[in-house]
Amino acid sequence: MLTIVAAMEQELVRLRKELGRRAGAPGPELPSGVELQVIGVGRLAVETAVRSLTQRQGVNGERSPSPERLLLLGFAGGVDPAIGAGTLVLSSRYYRQEPAGPAHNLLSPGEGAGDYLAPDPEMFRQGAQAATGAGEAWINTDSLTVDHLVATPEAKQAIRLRNPVGIVEMEDYWVAAAARKAGVPFLSARVVLDAADQALPGYLLRLSRSRTRAAVTVAAMPWRIPALLGLARRLPLAQKALTRFATAFLGQVTVAEGVLPRLEPPSSAMPAGSGGSLLG
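The paragraphs below set out a description of the structure included in this document.

Criteria and thresholds
Residues numbered from 1 in each chain as written. Predicted model: local features only at pLDDT ≥ 70, side-chain atom pairs only at ≥ 80, totals over all residues. Heavy atoms only, no water. Salt bridge = Lys/Arg side-chain N within 4 Å of Asp/Glu carboxyl O. Helix = DSSP H or I, 4+ residues; strand = E, 2+ residues; numbered from the N terminus. Buried < 20%, exposed > 50% of the residue type's maximum accessible area, 1.4 Å probe, protein only. Core = buried A, V, L, I, M, F, W, Y, C linked by side-chain atoms within 4.5 Å. Contact = heavy atoms within 4.5 Å. Expected span 1.5 Å × (residues − 1). Arc of directions from axis to C-beta. Pairing = 2+ DSSP bridges.

Turning our eyes to something else, we now look at the pattern of salt bridges. Evaluation of the coordinates by the stated rule reveals 10 salt bridges. The residue E122 makes a salt bridge to R125 at a minimum N-O spacing of 2.4 Å. Of this pair, E122 and R125 both sit in helix 3 (residues 121-133), 3 residues apart, which is roughly one turn of that helix. Overall, the relative accessible area of 37% leaves R125 in the partly exposed class. Here E169 and R190 are joined by a salt bridge, their closest N and O atoms 3.8 Å apart. Note that E169 is positioned in strand 9 (residues 167-169) and R190 in strand 10 (residues 186-194), a separation of 21 residues in sequence. One exposure class covers both E169 and R190, and it is buried.

The following block contains the structure:
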């Protein structure tokens, strides 16, 4: 079984609809051998969700099907100025940010990141082929898993100076660690939602969990609308890129006991881009 996970439903919603449409089902029914799960944001949510996925039991106590592969789809923030919004990223290393210490501001470049984990080599190869086949302009740059939303260009620049990474996110290292403990191959695919020079609303995570809260917040503080409009324009483009990549990836892998019918990328796929690493 291939289990596709994401921190938020916004990162899966378009793929869920696309796979349901291709299956010819009235609802979002998925192809056999594919499962989509929202696992939450940050370390605690991720560790709990992935442990549940890999150790779950059936209604009669027997083990339910466990993931044979884990593919994480999600958004990321760019910290390398060379990476534009909408870029697909496959990382070779998932770094974990070390807690800041008294001398944190005195760190030399490259000293801010902690240890790192790596994706499954075969899944990475399949991911690279899928990205190229889907017509995505993609890069291979390392990521940094942080414990907070990195919202300002200044904060992104500070991370870039101290860490050998191109993007930041909040889950990759912890999903990779949980997958390794369970013996499950893992790969993360990210699309940059906000480039290094673009700010995010600091309250974004709170709004993403509640439509009502989002509506009330915007109505009460209308000066936040321009930032939200910029994000709203980039969000569907990022969702489309994740969906094109995921459907192409599904065409590359074998799941369950058979091979999925080849799933071509959605017809809205862009012409082929660079298809390789821009950053080495």
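The discussion continues.
As a further point, take the nonpolar core. One finds I4, L71, L73, F245 and F249 to be the most contacted residues of the largest nonpolar core, which totals 56 residues. Per-element accounting of this core gives the leading share, 9 residues, to helix 8 (residues 225-250). With residues up to four places along the chain from it excluded, the contact list for I4 reads L12, L15, V34, E35, L36, Q37, L71, L73 and L250.

What follows is about helix 2 (residues 43-55). Between its first and last C-alpha, helix 2 extends 18 Å over 13 residues, near the 18 Å set by a 1.5 Å rise per residue. Listed as buried for helix 2 are V46, A49, V50, L53 and T54. Taken end-on, helix 2 shows its buried residues confined to a sector of 125°, consistent with a single buried face. Summarising the contacts, the buried residues of helix 2 are in contact with strand 1 (2-6), strand 2 (34-38), strand 3 (69-78) and helix 5 (172-182).

Turning our attention to the pairing of strand 3. Burial of strand 3 is extensive: 10 of the 10 residues sit out of reach of the surface. As paired strands, strand 3 and strand 10 are joined by 8 bridges and run parallel to one another. If you follow F75 over to strand 10, its bridge partner there is V191. As paired strands, strand 3 and strand 9 are joined by 2 bridges and run antiparallel to one another. The residue of strand 9 that forms the bridge with G78 is I167.

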